[in-house]
Amino acid sequence: MEPIRVGLVADPASPTVVARRMTDLAPPVGADPDGWSIEFVSEPFTLGSEDVDTALERLRTHAEDHGWDLVIGVTELPLRDDDGRYLLAAIDPRRQSAVLSLPALGGFRVQARARHAVRGLVGGMAEPDSPEEQRLPLPGLSARGRVLLGMVIANRPWMLAAGLKSALVAALATGAVATIEPTVWSLAVSLSGWRLAAATIASIAIVIAWIVIDGRLWDRPDDNSREARERSRLYNTSTLLTLIVGVVICYLALYVVNLAWALFVLDPAVMGDALGRQGSVGDLFVLTWFVASAATIGGALGTGLESDDAIRAATYSKREEDRRARLAEERQV
């Protein structure tokens with residue numbers, strides 16, 4: 001008996017990484033171990049459209065071009081049904097095609113969950129008595145939060161530091177100089193806790209606003225429809241959450257480095273003499289807190305973004321632009 005030829009089509013970026021690790025996917029226990037033959041293609045099949053029917057139609061075209069019996073599409077885009085519900089997957093047994101949305105898997109154990117989902121989709125479509133077209137909505141009121149978490153994790157906010165490398169270096173240099181300035185000592189210890197906290201929040205907010213404006217990351221609806229507005233809100237929320245996580249990570253790294261520098265070069269007793277009172281190690285922590293906030297603003301606003309790719313990775317709308325540019329280049333070849 002001929003094995004079932006299964007095509008696995010993945011959007012670029014994280015879907016490609018996830019899908020490439022599933023080329024050794026085996027049928028469920030008890031089935032013929034040689035019953036499936038998996039072929040992998042990285043292709044932006046959701047380009048310019050998040051409509052489920054459009055995605056299924058494009059996947060079927062891929063299947064016909066490659067001679068596949070079944071085709072599964074893996075995308076990083078959130079999929080929604082006609083009634084607005086977020087979907088985990090959509091299946092069209094008639095066209096032997098299905099599409100899986102990675103953000104709907106949540107932010108944790110994505111690889112294992114994706115493997116399990118793809119195996120279930122292939123197994124279901126391989127059955128001769130497969131039902132009519134199915135939509136698998138996410139259950140409960142937490143569906144949007146689950147999708148949003150999956151989108152933020154897919155954006156890899158911890159990689160944002162690569163795009164802020166120049167800003168981080170400038171901030172570290174600014175902090176190193178400010179740490180040994182007696183005027184900065186006096187200003188830092190004179191601030192109350194809530195003022196220091198406000199300075200931290202303000203510095204992080206300013207950097208995020210600067211990144212959004214400088215990188216033109218804010219997504220605007222293509223039209224005035226409810227679906228377009230909801231999509232833009234979801235994209236912008238995921239972008240802001242990604243930037244918040246990424247910038248906070250950079251801020252904490254800056255704080256740790258500045259604290260190590262302060263503990264190495266400053267003597268609390270000397271600092272106390274300059275302040276006219278007895279110094280303590282706690283003053284160094286307060287000083288570092290203030291310096292980290294000031295250096296974050298000064299370093300970030302004083303330099304440009306070093307890596308547009310890392311910044312673009314923080315937003316779905318920019319990755320869609322990249323996919324369109326890539327497709328345009330391929331058509332010109």
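Scroll up to find the structure this text is about.
Residues numbered from 1 in each chain as written. Predicted model: local features only at pLDDT ≥ 70, side-chain atom pairs only at ≥ 80, totals over all residues. Heavy atoms only, no water.

A look at the packing of helix H6 (residues 182-190) against helix H9 (residues 268-275)
- As a packed pair, H6 and H9 sit with axes 10 Å apart at the nearest point and diverge in direction by 85°. The angle between H6 and H9 falls in the class roughly perpendicular. Counting all contacts with H6, which are made through Trp185, Ser186 and Val189, the residues of H9 involved are Val270, Met271, Ala274 and Leu275.
- Each residue belonging to the contact of H6 with H9 can be placed in one class, and the counts come to six nonpolar, one polar and no charged. (Axes fitted to C-alpha atoms, helices over the stretch in contact; angles between N-to-C directions. Helix = DSSP H or I, 4+ residues; strand = E, 2+ residues; numbered from the N terminus. Parallel < 35°, antiparallel > 145°, perpendicular 65-115°, else oblique. Contact = heavy atoms within 4.5 Å. Nonpolar A, V, L, I, M, F, W, Y, C, P; charged D, E, K, R; others polar.)

A look at unusual backbone geometry
- Positive phi values are uncommon outside glycine, yet arginine 109 reaches one of about 50°.
- Position of arginine 109 among the secondary structure elements: in the loop between strand S6 (97-101) and helix H3 (110-126).

Re the side chain of threonine 75
- If you trace the backbone, threonine 75 turns up in strand S3 (residues 70-75).
- Since its relative accessible area comes to 0%, threonine 75 is described here as buried.
- When near neighbours in sequence (up to four residues on either side) are disregarded, threonine 75 contacts Asp11, Pro15, Phe45, Thr46, Val99, Leu100, Ser101, Leu102 and Pro103. (Buried < 20%, exposed > 50% of the residue type's maximum accessible area, 1.4 Å probe, protein only.)

Here's the deal with the nonpolar core
- Counting residues in each nonpolar core, the largest one holds 25 residues, and the members touching the most others are Leu8, Ile72 and Val118.
- When contributions to this core are tallied by element, the ones reaching two or more residues are strand S1 (4-10), helix H1 (14-20), strand S2 (36-42), S3, strand S5 (86-92), S6 and H3.
- The element that contributes the greatest number of residues to this core is H3, accounting for seven residues.
- Within the second largest apolar cluster, 17 residues are counted, among which are Leu164, Val212, Cys250 and Leu259. (Core = buried A, V, L, I, M, F, W, Y, C linked by side-chain atoms within 4.5 Å.)

Brief notes about the packing of aromatic side chains
- This model, assessed by the stated rule, comprises zero aromatic pairs.
- Its end group placed over the ring of tyrosine 86, arginine 80 keeps NZ or CZ at 4.7 Å from the ring centre. (Phe/Tyr/Trp six-rings, centres within 6.5 Å; stacked < 30°, edge-to-face > 60°. Lys NZ or Arg CZ within 6 Å of the ring centre and 35° of its normal.)

Comments concerning the pattern of salt bridges
- Following the criterion strictly, the structure yields seven salt bridges and no others.
- One connected set of salt bridges, linked through shared partners, spans Asp53, Asp81, Asp83, Arg85 and Arg135. (Salt bridge = Lys/Arg side-chain N within 4 Å of Asp/Glu carboxyl O.)

Things to note about the environment of methionine 22
- Its place among the elements puts methionine 22 in the loop between H1 and S2.
- Residues methionine 22 and arginine 115, 93 residues apart in the sequence, show an inter-C-alpha distance of 6.6 Å.
- Sequence-distant contacts of methionine 22, defined by excluding residues within four places in its chain, comprise Leu8, Ile38, Gln111, Ala114, Arg115 and Val118.

Focus on the packing of helix H5 (residues 165-179) against helix H8 (residues 226-265)
- Direction vectors running N to C along H5 and H8 enclose 35°, while the axes themselves pass 10 Å from each other. As for how H5 packs across H8, the hand of that crossing is right-handed. For the pair H5 and H8, the contacting residues are Leu168, Ala171, Leu172, Gly175, Ala176 and Thr179 in the first and Cys250, Leu254, Val257, Asn258, Trp261 and Ala262 in the second.
- Class assignment for the residues of the contact of H5 with H8 results in nine nonpolar, three polar and no charged. (Left-handed = near helix turned anticlockwise from the far one by under 90°.)

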